[in-house]
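# Overview (structure and organization)
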Amino acid sequence: MKSLSAVIATLFAAILIFSAVPSAFANDMNASLIPQRNEAEGSFIGVKNIELRYPAGSSIASQLGEETQRVKFTLGGNANSTDNSISNAIAAFNNAMVAAKSPVQVTSMNLTYTAVVKPGETNTLISYKIEAHPKMEGFVINQGTESGLTGDIVDFEWRGIHVTQPIILDAPDLGEIEINKAIGLIAVLYPEVAGQIESSAAAEIFDEPILDFRKFDQSMDTWHFLFDPSGSLAESSAYFREESGARVVSIYSLGESSFREGTFEAEEKDATANIGGSEVRVHSQVPAPSGQIQVAGYSNNDKNAPSDGEFAMVTVDTPEGVQSATGSFPVQVLLVFGGMMGAIAVFILWKARK
């Protein structure tokens, strides 16, 4: 019975992982933490979409032209890198960590910037995506082996950072570009249009930081929590298996609307501006958040904080008496639920083939 419970717990944890995988257009935050080494792999993805609407034949229409512009480049390195300016991005993230009152520091990062400008006769669509994958250290506030605690106290304040500092990178074939504001791309591709936008009522939309993760600052008590007591997920992850030594993986997930989490919706803004003598309507959209934090060990939110902020006590093994990820549901109920899910999957496949 114990082995069956472990298998079901693993299946539930796996379902949570795959159901929380964000779409390509989600504002996304993911991280894998190893308290035993005080190291983490992070993923912060900022997305923003902007539409400009204007009269056919207007000045801005002619300046934007008809050719679609695509920009994509990837840079990587550590805080001491001087060849590609990635140190600017690392410094901006570290300043955001300080502002969030988190002890975490980013030591290295791979970053991919993708943007597309698609002009038309009466409208232009602009999309931005910044994928930052930092290596993070210093999230362990107190380590059990050094302080006599039963586990490690881990900081979670880093999850809701707001990167407000400009990030100026050396982009191949483009030169310097400010990636953290929508206006940065326009300034490089269409300097005259950028100047007109900056002096209009649409400036605010184009000047807002894209790397804004404050929606993930929601209390950890409202995040979905599951853990894998069997160690199967730890064994299936090379990062956890080789680095942590933990036999348990805890999983926090945010993004599925519920009574506990609330409803997550895209953030939309509108502005009307006079640009080049024509009325231009500007609409921006930032997708709803989708995030997941995996911790090597059993994580327990502790309200007796040694300092202000969100943190958890993490132990290598599951404490005695703690129920598995299946909670108090009878195995029979879980098996029936599994059968229902299987039937639904078969029905969907059958409909897809018709």
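The structure displayed is predicted, hence computed values, not measured ones.

This paragraph deals with the overall build of the protein. Check the secondary structure of the protein and you find 10 helices and 16 strands. Here the protein holds 354 residues, and the buried ones make up 46% of them. Considering only residue pairs separated by 6 or more positions, the protein has 71% of its internal contacts joining residues 24 or more positions apart. Accessible surface for the protein amounts to roughly 17200 Å². Of this, 53% is attributable to carbon and sulfur atoms.

This part is about the pairing of strand E4 (residues 105-119). Along any regular strand the residues' side chains alternate between the sheet's two faces. Pairing of strand E3 (residues 69-78) with E4, which is carried by 10 bridges, proceeds in the antiparallel orientation. Bridging from a neighbouring strand, glutamine 69 pairs with valine 117 of E4. The pairing of E4 with strand E5 (residues 123-137) spans 14 bridges and is classified as antiparallel. Note that in E5 the partner of asparagine 110 across the bridge is histidine 133.

With five of five residues buried, strand E16 (residues 311-315) is to be regarded as a mostly interior element. Every second residue of E16 is oriented toward a common face, with Phe311, Met313 and Thr315 on one face and Ala312 and Val314 on the other, all of them buried. As defined by bridge partners, strand E15 (residues 298-301) adjoins E16 across four bridges and the pair is classed as antiparallel. Pairing of serine 299 across the sheet is with valine 314, part of E16.

The end-to-end C-alpha distance of helix H3 (residues 86-99) is 20 Å, a good match for the 20 Å that 14 residues give at a rise of 1.5 Å each. In this structure, the buried residues of H3 make contact with strand E2 (39-53), E3, E4, E5 and strand E8 (168-171).

In this section: the sheet that holds strand E6 (residues 140-142). Spatially, E6-E7-E16-E15 is the arrangement adopted by the four strands of the open sheet, whose pairing is antiparallel. Looking at which strands have only one partner, the edges of the open sheet turn out to be E6 and E15. Across the sheet, the mean angle separating the axes of adjacent strands is 40° when strand polarity is ignored.

The subject of this paragraph is the environment of serine 219. Among the secondary structure elements, serine 219 is positioned in the loop between helix H7 (203-207) and strand E10 (224-228). Serine 219 sits in the partly exposed class, given a relative accessible area of 26%. As a C-alpha pair, serine 219 and glutamate 310 span 91 residues in sequence and 7.5 Å in three-dimensional space. When near neighbours in sequence (up to four residues on either side) are disregarded, serine 219 contacts Arg159 and Glu310.

Okay, the nonpolar core next. Counting residues in hydrophobic clusters, the biggest one holds 75 residues, and the most contacted among them are Tyr113, Tyr128, Trp158 and Phe206. If we ignore the near neighbours within four places in the chain, the residues touching tyrosine 113 are Val71, Lys72, Phe73, Tyr128, Lys129, Ile130, Ile177, Ile179 and Leu185.

Taken as a whole, the largest pocket encloses approximately 250 Å³ of empty space. Forming the boundary of the largest pocket are 16 residues, of which Pro209, Asp212, Arg214, Glu267 and Val286 lie nearest the centre. Those elements that provide at least two residues to the lining of the largest pocket are E2 and strand E12 (267-275). Here the lining of the largest pocket is built from residues that sort into seven nonpolar, two polar and seven charged.

Turning our attention to the confidence of the model for the protein. Averaged over every residue, the pLDDT of the protein is 81; residues scoring 70 or more account for 73%. Per-element mean pLDDT across the protein ranges from 44 in helix H1 (residues 2-19) up to 98 in E5. The low-confidence segment residues 325-338, where pLDDT is below 50, has 17 contacts with residues more than four positions distant or belonging to other chains.

The next subject is the environment of glycine 184. Here glycine 184 lies in helix H5 (residues 182-189). Taking the C-alpha atoms as reference, glycine 184 lies 8.9 Å from isoleucine 168; in sequence the two are 16 residues apart. Ignoring sequence-local partners within four residues, the contact set of glycine 184 consists of Ile177 and Glu178.

Before going further, it helps to examine the side chain of glutamine 196. Looking at where glutamine 196 falls in the secondary structure, it is placed in helix H6 (residues 191-198). The buried category is assigned to glutamine 196, whose relative accessible area is 18%. A distance of 3.1 Å separates a polar atom in the side chain of glutamine 196 from the backbone nitrogen of glycine 276. Apart from the residues within four sequence positions on either side, glutamine 196 is in contact with Gln63, Ile275 and Gly276.

As a packed pair, H5 and H6 sit with axes 5 Å apart at the nearest point and diverge in direction by 140°. Between H5 and H6, the angle is such that the two are oblique. Across from Ile183, Ile186, Ala187, Val188 and Leu189 in H5, the residues of H6 making contact are Pro191, Val193, Ala194, Ile197 and Glu198.

Rules used in this analysis
Residues numbered from 1 in each chain as written. Predicted model: local features only at pLDDT ≥ 70, side-chain atom pairs only at ≥ 80, totals over all residues. Heavy atoms only, no water. Helix = DSSP H or I, 4+ residues; strand = E, 2+ residues; numbered from the N terminus. Buried < 20%, exposed > 50% of the residue type's maximum accessible area, 1.4 Å probe, protein only. Contact = heavy atoms within 4.5 Å. Areas by Shrake-Rupley, 256 points an atom, 1.4 Å probe, with all protein chains shown as cover. Pairing = 2+ DSSP bridges. Expected span 1.5 Å × (residues − 1). Axes fitted to C-alpha atoms, helices over the stretch in contact; angles between N-to-C directions. Core = buried A, V, L, I, M, F, W, Y, C linked by side-chain atoms within 4.5 Å. 1 Å grid on protein atoms, 1.4 Å probe; cavity = no way out; pocket = protein on both sides within 12 Å on 5 of 7 lines; lining within 4 Å. Points joined across faces, edges and corners; volume = space filled by probe spheres on them. Nonpolar A, V, L, I, M, F, W, Y, C, P; charged D, E, K, R; others polar. pLDDT = per-residue confidence, 0-100. Polar contact = N/O pair within 3.5 Å; in protein donor to acceptor, adjacent residues only side chain to side chain. Parallel < 35°, antiparallel > 145°, perpendicular 65-115°, else oblique.

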